[in-house]
Amino acid sequence: MDKAFAYALRLLAARAMSQARLREKLLARFPEAEVAQALERLRALGYLDDRAFAETFVAVRRKYGPLKLRHLLRAQGVGEEVVEAVLGELGEEEALEAALRALRRYPRRQDKAKAVRFLVGRGFPLSVALRAYELASGEEKG
């Protein structure tokens, strides 16, 4: 077993990562040819899958909206087509539910401007943030 492959397995055992991020870490220690061979072997064994990584990444970070998730995935080196595929599966209803969950935990949710700004900062589109605020306000009154 070559050293790059063994090192890659240790990295993946510690934490899931995208192919681009793993490649970056391996290139810091090993030559290009050895890294390419290790990555190909990992893909063939099913240990390296950007789609699965992105789906798990999004599932764990449900407190963020689709805009922030897109930014975070791109920062992890996930390709645009994978990002679009994974985030395309999230409908507006899921985004609204996530926004409501975030807003219920926000202490200043009665102040419309602050609550909406909080949600937009979390990566929710303005339309979703406004709708979530209206629903949360209705829950508190009702």
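Higher on the page you've got the structure.
Procedures and definitions
Residues numbered from 1 in each chain as written. Predicted model: local features only at pLDDT ≥ 70, side-chain atom pairs only at ≥ 80, totals over all residues. Heavy atoms only, no water. Salt bridge = Lys/Arg side-chain N within 4 Å of Asp/Glu carboxyl O. Buried < 20%, exposed > 50% of the residue type's maximum accessible area, 1.4 Å probe, protein only. Helix = DSSP H or I, 4+ residues; strand = E, 2+ residues; numbered from the N terminus.

1. What to know about the pattern of salt bridges
Working step 1: Under the definition given, this model contains 6 salt bridges.
Working step 2: With a shortest N-O distance of 2.8 Å, E32 and R23 are connected by a salt bridge.
Working step 3: Judged by its relative accessible area of 42%, E32 falls in the partly exposed class.
Working step 4: The class of R23 is partly exposed, set by a relative accessible area of 29%.
Working step 5: For E84, the salt bridge goes to R70, with nearest N and O atoms at 3.0 Å. With E84 in helix 6 (residues 80–88) and R70 in helix 5 (residues 66–75), the pair connects residues that are 14 residues apart, well separated along the chain.
Working step 6: You can call R70 partly exposed: its relative accessible area is 25%.
Working step 7: Taken together, the shared-partner salt bridges in this structure form one network comprising R51, E55 and E89.

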